[in-house]
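Residues per chain are reported as follows:
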Amino acid sequence: MIVLNSKIVNDLAVSASYKSFKNAYDYVSSCINEVMDNIMNRNPYISDYTLLICNEAFTGCEIAASSIDIFLALNAIQLELNYTTNNKNKFVDKLKAFWSNFRKNFRLYNSRKVSKKKVDKAEKKIIETTNYSVKDLYNDIQIQLIKMCSKSTTIKLYNNKISIVDKSELGVDVNIYPVFINENRYKMYDWTNGKSITIDFRDRYKNVNHMYNCTKQMSRIQTRILNSLFYNVFKQVPNQIFTESLIFNVPMELFQNDIYETTVNIINFIKNGNLIKFKSICNENTLLFDEPLNVVTIENAYRFIQNISFE
């Protein structure tokens, strides 16, 4: 149980070090741009790309435990077509390929003392690939990052992202999600099983901006407070669609000039409200717990809010 008073709430309202997040983003975005230049110079499949921060680091609601999550949004339809074709193999073939790649990845990339010879060999294999696909792109990005980052930096390849971890230099973990642009939506692939999901934020940013403007930025502060409270209950930073949606459902008249008074109003409103009927920040015609981009269950939502009280 987290017991709140005015001092605790006002401490939670203070934003994390903006300078740390800015420095980490500036460094990593510079690295990504160099990586993409290297890849695109020898790869005609990618026409262009853009970088988008997609988590709370974009909206100014980050907390000390937050990462920087970046969408590497690509125009590269042929990579997707190559990947779709390659993944028409039998399940057994895919399973063998997965474990082979996993073992290779573990040996090559989870040691901080990666030899230049191994990296060059892995890069040569990627360059010589005749049917360069989404999976090859993931590996290619990881290899290029290893070549330019310091030995204190760990570059990890997960099923749908590349993670950059260096507490001594960056201080903030950075996750890069390669996604493929399709109108206003993004497709994200899981290279371990060939599956994909479509990400459509719809009205999220419009609703967030409207909410911030109408509450004179108090809703931004309250989203940050909810992020901190959720982290202290579950020891993980919450999905932002969840916390933004909670604030989105709060009546405007409950937002006051005083941070503590507003926090009391919001927590009590959520506790006494029917969470099942809460709307998604992405679209007011979609219920929060029917929203595909929200990964917090109704059970954990109730557990979260019931773990908060006031002195």
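Residues numbered from 1 in each chain as written. Predicted model: local features only at pLDDT ≥ 70, side-chain atom pairs only at ≥ 80, totals over all residues. Heavy atoms only, no water.

A.B. asks: Looking at this structure, I do not really get the overall build of the protein chain. What am I missing?
C.D. replies: Check the secondary structure of the protein chain and you find twelve helices and eleven strands. In terms of its C-alpha atoms, the protein chain occupies a principal-axis envelope of roughly 65 × 40 × 35 Å. Long-range contacts, defined as pairs at least 24 residues apart, comprise 65% of the intrachain contacts of the protein chain with a sequence gap of at least 6. When the accessible surface of the protein chain is totalled, it reaches about 15,900 Å², and 51% of it is carbon and sulfur. In the protein chain, which carries 39 positive and 31 negative side-chain charges, the distance between the mean positions of the two groups comes to 9 Å. (Helix = DSSP H or I, 4+ residues; strand = E, 2+ residues; numbered from the N terminus. Contact = heavy atoms within 4.5 Å. Areas by Shrake-Rupley, 256 points an atom, 1.4 Å probe, with all protein chains shown as cover. Lys, Arg positive; Asp, Glu negative; His and termini not counted. Charge placed at Lys NZ, Arg CZ, Asp CG, Glu CD.)

A.B. asks: Help me understand the pattern of salt bridges in this model?
C.D. replies: When the charged atoms of two side chains lie near each other, side chains of opposite charge can form a pair. Enumeration according to the criterion identifies eight salt bridges in this entry. The partner of R42 in a salt bridge is D140, with the nearest N and O atoms 2.9 Å apart. Taken as a pair, R42 in the loop between α2 (18-41) and β2 (48-53) and D140 in helix α7 (residues 134-148) lie far apart in primary sequence, 98 residues in all. According to the relative accessible area criterion, D140 is buried, its value standing at 0%. Close ionic contact of K124 with E128 constitutes a salt bridge, the shortest N to O distance being 2.5 Å. (Salt bridge = Lys/Arg side-chain N within 4 Å of Asp/Glu carboxyl O. Buried < 20%, exposed > 50% of the residue type's maximum accessible area, 1.4 Å probe, protein only.)

A.B. asks: Which parts of the structure should I look at to understand the environment of M211?
C.D. replies: Its location among the elements puts M211 in helix α8 (residues 204-214). Between the C-alpha atom of M211 and that of K279, which follows or precedes it by 68 residues, the distance is 14 Å. Ignoring sequence-local partners within four residues, the contact set of M211 consists of S219, E244, I247, F248, M252 and I281.

A.B. asks: In this structure, what is going on with the pairing of strand β3 (residues 68-75)? I would like to understand it.
C.D. replies: For a regular strand, side chains alternate in direction, first toward one face of the sheet and then toward the other. Among the eight residues that make up β3, seven are buried, leaving the element largely enclosed by the rest of the structure. Sheet topology places β2 next to β3; six bridges connect them, and they run antiparallel. When the sheet's bridge partners are listed, D48 is paired in β3 with N75. By the bridge criterion, seven bridges tie β3 to strand β6 (residues 174-182) in an arrangement that is parallel. Paired with L74 across the bridge in β6 is F180. (Pairing = 2+ DSSP bridges.)

A.B. asks: How should helix α11 (residues 259-272) be read in this particular structure?
C.D. replies: Residues separated by three or four positions in an α-helix point in the same direction, a consequence of the helix having 3.6 residues per turn. An ideal rise of 1.5 Å per residue puts 20 Å on 14 residues; α11 measures up with 20 Å between its terminal C-alpha atoms. Close packing links the buried residues of α11 with α1 (6-13), α9 (218-234), α10 (240-248), α12 (298-306) and β11 (308-310). Where α11 begins, the capping side chain belongs to D258, and its oxygen is found 3.2 Å from the backbone nitrogen of Y260. (Expected span 1.5 Å × (residues − 1). Polar contact = N/O pair within 3.5 Å; in protein donor to acceptor, adjacent residues only side chain to side chain.)

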